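# Fold and contact review
Spelled out, the chains give:
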Amino acid sequence: ATTTVFDIVLFGGCGDLSLRKLMPALYRGYAEGSFDSNSRIIPTCRDAETAAGYAEILAKSLQQFLSSDEYDSAVADSFMQLVMPCALDITTVDERWKSLHKLFSKDAEQSRIFYMAVPPAIFGITCENLSQQKMINGQSRIVVEKPIGYDGVTASAINDEIARYFDEKSIFRIDHYLGKETVQNLMALRFTNVIFEQLWDAKSIDHVQISISETVGLEGRAGFYDNAGALRDMVQNHLLQLLCLVAMESPNKLDANSIRAEKLKVLEALRPLTGADVDDYTVRGQYVAGEFNGDLVPGYLEELGKPSSNTETFVAIKAHIDNWRWSKVPFYLSTGKRMKARSAKIVIQFKEVSHRVYDGSVGQMTPNQLIIKLQPGESIQLSLMTKDLTCLETKLKPVSLNLNFSDTYDNFKSDAYKRLILDVAANNPALFIHRDEVDCAWRWIDPIIEQWQQSAHTPDLYRAGSWGPSAAKTLIEQDDRYWFNG
Ligand code: BG6
């Protein structure tokens, strides 16, 4: 690994994202020697007392969020030497900005990363203050979290505000799914294996499923989540990015511009869902109390502490990409909280062979299926039809070629945030989202939300610990296709 040096300011340094994801990611980067001890990590906290007690808070959270084989108290101690908390109300200009300025490296050209782990509503004012305080040097980059905005209009406003202070090439819009090694592997798989390259289109593929199921509920983010819902929180970004990687043409080169241009073409080709199509091709759900692993878990409204809410915690969508490669191939997307199992996967369902040599008496033909499990249990499975070798007469049997990444790679561990922060430090934007992608994704999402708001429908209820509402099953089964759960 190459070693780099940078100053990183975590605005919202005491928040959940910083303590749960960003600090452990930085610790991992430091522990493996990816950046050196001239780097500075500057979490800002609004409250002076919290800033004063930050070392203690951080020590506890590192122990909590790093696994026991990662956590080493000596490494943690030296990592904490780089952490320089700063008390700052980022919306107000006062003396405290000066103390932030003093924390930067004396080298005026050292990379400065401003990580916005704060609500989007204050991105603009933060940038303005950074600029007024002359903190943006020639090597400054800003990292912004998804979802950007609440819809296309608010996303544009936020992007415009940031653009006043930072060039597009210094804006790193993060989608941590793109930092997952298994997600990047999608491109390697598609573009380095002729067996897939040749079959990756409407001639051979019947449909694609992309699903991310979570077992967690609100995780203390009720305020944010109830305003957002699963469509904005997961589909607008993570699911559409996965769809882009599955569906895009091969980029001419592996640089950021070429990859982003191909992803954008997919987003532009998404068939818009409007009006009655939204009712026919989308399902939204909300969990009610149910059983998970033998325990009774509360429903969404109980977790939220509100008598009613129309926010969806589950979405399923049947989408189409109107281009040459994917004509008439449905992409079924689904995501939900409090589901039966945690799993993120892509299923490529191939078509049947064009002519059946074997008749039905030798067993059912099961068309090939490629299952790419992104997490947990990262693996690739390819189902093939074979002759059952255990019996004399001819019987066919589907078997699975199974590539399990933890068997193939020792110490396979992926930390998306670590990887992405190091990419920001190295000024490599290939795994970050261009403004045009954000706009285009919202253009597809906005009419769905509009229709949901207009229709009298409320979300379909599903039990926590299940695979979602029955309407999601119907959405795919009415096409004689089935969700691959598990
Ligand atoms: C985040 C969403 O972007 O992704 C969360 O805001 C969700 O609601 C999380 O839980 C899922 O990420 P992962 O990496 O745990 O699959």
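Rules used throughout
Think of each chain on its own: its residues are numbered from 1, step by step along the sequence as written. Given that the model is predicted, a residue must reach a pLDDT of at least 70 before its local features are reported, and side-chain atom pairs must reach 80 or more before they are shown or counted; all residues, however, enter totals for whole chains, interfaces and linings. Excluded from the side-chain calculations are hydrogens and water; all other atoms, namely the structure's heavy atoms, are used. Every helix listed is a DSSP run of H or I at least four residues long, and every strand listed is a run of E at least two residues long, numbered separately from the N terminus. Multiplying one less than the number of residues by 1.5 Å gives the expected span of a helix. Throughout this description, buried means an accessible area under 20% of the type-specific maximum (1.4 Å probe, protein chains only), exposed means over 50%, and partly exposed covers the range between. As defined here, a cavity is a set of points on a 1 Å grid over the protein atoms alone where a 1.4 Å probe fits but cannot get out. A pocket is an open set with protein on both sides within 12 Å along at least five of seven lines, and residues line them when an atom is within 4 Å of a point. Grid points are joined across faces, edges and corners, and a volume is the space filled by probe spheres set on the points. Residues are grouped as follows: Ala, Val, Leu, Ile, Met, Phe, Trp, Tyr, Cys and Pro are nonpolar; Asp, Glu, Lys and Arg are charged; all remaining types, including Gly, are polar. UniProt positions are given in the numbering used here, feature names are shortened, and annotations may be inferred rather than shown by experiment. Pairs of N or O atoms within 3.5 Å make up the polar contacts considered here, provided that, within protein, one atom can donate a hydrogen while the other can accept it, and that residues adjacent in sequence are counted only when both atoms are side-chain atoms. Each residue is tested against the molecule or strand, and it is near if at least one of its non-hydrogen atoms lies within 4 Å. Note that accessible areas follow from Shrake-Rupley with a 1.4 Å probe, and for residues the cover is restricted to the protein chains shown. The contact definition used throughout considers only heavy atoms, calling two residues in contact when any of these lie within 4.5 Å. Fitted lines through C-alpha atoms serve as axes, helices being fitted only where they are in contact, and the angles separating the N-to-C directions of these axes extend from 0 to 180 degrees. Oblique is the label for every angle not falling under 35 degrees (roughly parallel), over 145 degrees (roughly antiparallel), or within 65 to 115 degrees (roughly perpendicular). Note on convention: the crossing is left-handed when the near helix lies turned anticlockwise from the far helix by less than a right angle, right-handed when the turn is clockwise. Here, a strand pair is defined by DSSP locating no fewer than two bridges between the strands.

## A word on helix α11 (residues 230-247)
Helix length check: α11 (18 residues) gives 22 Å between terminal C-alpha atoms against 26 Å at 1.5 Å per residue, more than 12% under. Burial within α11 is extensive, with 18 of its 18 residues counted as buried.

## Quick notes on empty space enclosed by the protein
Applying the stated rule across the entire model yields five cavities of 30 Å³ or more. Taken as a whole, the largest cavity encloses approximately 120 Å³ of empty space. Forming the boundary of the largest cavity are 13 residues, of which Lys 146, Gln 236, Asn 237, Ile 433 and Val 438 lie nearest the centre. Elements represented by at least two residues in the lining of the largest cavity include exactly α11 and α17 (435-454). Its residues assigned to classes, the lining of the largest cavity comprises six nonpolar, three polar and four charged. Reported here for the second largest cavity is a volume of approximately 80 Å³. What lines the second largest cavity is simply Gln 209, Ser 211, Ser 213, Phe 314, Ser 334, Met 339, Lys 345, Trp 467, Ala 472, Trp 483, Phe 484 and Asn 485. Of the residues assigned to the lining of the second largest cavity, the class counts are six nonpolar, five polar and one charged.

## Some remarks on the UniProt feature "active site" (unreviewed entry) in the protein
The UniProt feature table records "active site" (unreviewed entry) at His 238. Position of His 238 relative to the elements: it lies in helix α11. Among the residues examined, His 238 registers a relative accessible area of 2% and is labelled buried. A polar contact of 2.7 Å, which involves the side chain of His 238, links it to the side chain of Asp 175.

## Thoughts on the site of the ligand
The environment of the ligand is formed by Lys 146, His 176, Tyr 177, Lys 180, Glu 214, Arg 221, Asp 233, Met 234, His 238, Lys 337, Arg 342 and Gln 375. Coverage of the ligand by the protein amounts to 84% of the 400 Å² it exposes when considered alone. Of the residues forming the shell around the ligand, the biggest block, three residues, is contributed by α11. Its residues assigned to classes, the shell around the ligand comprises two nonpolar, three polar and seven charged.

## Observations concerning the UniProt feature "binding site: substrate" (unreviewed entry) in the protein
Here, UniProt's "binding site: substrate" (unreviewed entry) annotation points to His 176, Lys 180, Glu 214, Asp 233 and Lys 337. Looking at the element boundaries, Lys 180 is found in the loop between β6 (171-173) and α8 (181-192). Look past the residues within four positions of Lys 180 in its chain and what remains in contact with it is Gln 375, Ser 414 and Ala 416. Residues contacting Glu 214, with those up to four places away along its chain left out, are Met 234, Gly 336, Lys 337, Arg 338, Met 339 and Ala 341.

## With respect to the packing of helix α7 (residues 152-163) against α17
In contact at an axis separation of 9 Å, α7 and α17 are set at 165 degrees when each is read in the N-to-C sense. Accordingly, the angle class assigned to the pair α7 and α17 is roughly antiparallel. Crossing handedness for the pair α7 and α17: right-handed. Only Arg 435, Val 438, Asp 439, Trp 442 and Asp 446 of α17 make contact with α7, whose side of the interface consists of Gly 152, Ala 155, Ser 156, Asn 159, Asp 160 and Ala 163. Residues belonging to the contact of α7 with α17 are distributed by class as follows: four nonpolar, three polar and four charged.

## Structural notes on the sheet that holds strand β5 (residues 140-144)
Pairing is parallel across the open sheet formed by six strands, whose spatial order is β3-β2-β1-β4-β5-β6. Strands at the two margins of the open sheet, each flanked by one partner only, are β3 (86-87) and β6. For strand β1 (residues 6-11) and strand β2 (residues 40-45), the ladder comprises five bridges, and the chain directions are parallel. Residue pairing for β2: Ile 8 is matched across the bridge by Ile 41. Lying over the sheet, helix α16 (residues 416-425) contacts β1, β4 (111-116), β5 and β6, oriented at roughly 135 degrees with respect to β4.

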